[in-house]
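# Structural overview for review
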Amino acid sequence: MTMDDHCWPLSVIGSFIRYGPPFEGILIDAVIKVDVRSGALAGTWSLPDGWYVVSECCFVPKLDSVGGAQDDAADGDRGYLLVFATCAEPERAVMGTERAEAGDGRRSRLYVLDAQKLDGEWRGDECDVIVAVLALPGAVPYGLHGCWVPYEELQPPALVVD
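What comes next concerns the included structure. Counting restarts for each chain, with residues numbered from 1 along the sequence as it is written. Totals for whole chains, interfaces and linings use every residue, but because this is a predicted model, local features are given only for residues with pLDDT of at least 70 and side-chain atom pairs only at 80 or more, for both listing and counting. Side-chain calculation: all heavy atoms of the structure are included, whereas hydrogens and water are not.

Another point: the overall build of the protein. Helix and strand definitions here come from DSSP, where helices need a minimum of 4 consecutive H or I residues and strands a minimum of 2 consecutive E residues; each element is numbered from the N-terminal end. Assigned secondary structure in the protein consists of 0 helices and 9 strands. The order of helices and strands in the protein, counted from the N terminus, is β-β-β-β-β-β-β-β-β. A buried classification covers 39% of the 162 residues belonging to the protein. Note on definitions: a residue-residue contact is assigned when non-hydrogen atoms from the two residues lie within 4.5 Å. The contacts in the protein between residues at least 6 apart in sequence include a share of 59% that link residues at least 24 apart. When the accessible surface of the protein is totalled, it reaches about 9600 Å², and 56% of it is carbon and sulfur. Think of it in three bands: residues with accessible area under 20% of the maximum for their type are buried, residues over 50% are exposed, and the middle band is partly exposed, with areas taken using a 1.4 Å probe on protein chains only. Per-residue and other accessible areas were derived by the Shrake-Rupley procedure at a 1.4 Å probe size, with only the shown protein chains allowed to occlude residues.

Now the structure itself:
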């Protein structure tokens, strides 16, 4: 099984984790949590009809899980999953201030899922695994890559003086 390092928090790269996604691809309509130790399916969340994941999920550790390597965050479970999704079907219901991309009708959202609650089968916009749903101002392209970097670890941009 191949995993992209950029979807894991820097604190667990190079170490063994317990939970993760099974693979990446285009037109994926669900997020799947796999117990890497046993190979068992630990949970799934299916997006609303017509919505598709556009990239791998980014894991964000919960603030209270920044302890040592033995805590739950090291298992890839005590935190949140950031899921970018796009709907290519203009006739689907639109939430709040969600706008369709000019020209092709696509819309995008950022879903925030509670990784620990991703056990069993979940479906759609109204379920306990979803912490937040943000309507984005335009369409997010397929193949987007991202990672979570805590604010404290960000480097300020270098000032260039001519």
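Consecutive residues of a regular strand have side chains that alternate between opposite faces of the sheet. At least two DSSP bridges between two strands are needed for those strands to be called paired. Relative to strand β3 (residues 41-46), strand β2 (residues 30-35) runs antiparallel, the two sharing 5 bridges. Paired with isoleucine 32 across the bridge in β3 is threonine 44. In sequence, β2 turns back onto β3 through a hairpin of 5 residues, with glycine 39 there showing a positive phi of about 85°. With 4 bridges joining them, β3 and strand β8 (residues 120-123) adopt parallel strand pairing. If you follow tryptophan 45 over to β8, its bridge partner there is tryptophan 122.

This paragraph deals with empty space enclosed by the protein. Residues are said to line a cavity or pocket when one of their atoms sits within 4 Å of a point; the points come from a 1 Å grid over protein atoms alone, cavities being sets where a 1.4 Å probe fits but cannot get out and pockets being open sets with protein on both sides within 12 Å along at least five of seven lines. Grid points are joined across faces, edges and corners, and a volume is the space filled by probe spheres set on the points. Per the counting criterion, the structure on display carries 1 cavity of 30 Å³ or more. Estimated volume of the largest cavity: approximately 30 Å³. In terms of lining, the largest cavity is formed by Ser55, Glu56, Cys58, Leu82, Phe84, Leu144 and Gly146. Each residue gets one label: Ala, Val, Leu, Ile, Met, Phe, Trp, Tyr, Cys and Pro are nonpolar, Asp, Glu, Lys and Arg are charged, and the others, such as Gly, are polar. Along the lines of polarity and charge, the residues of the lining of the largest cavity split into 4 nonpolar, 2 polar and 1 charged.

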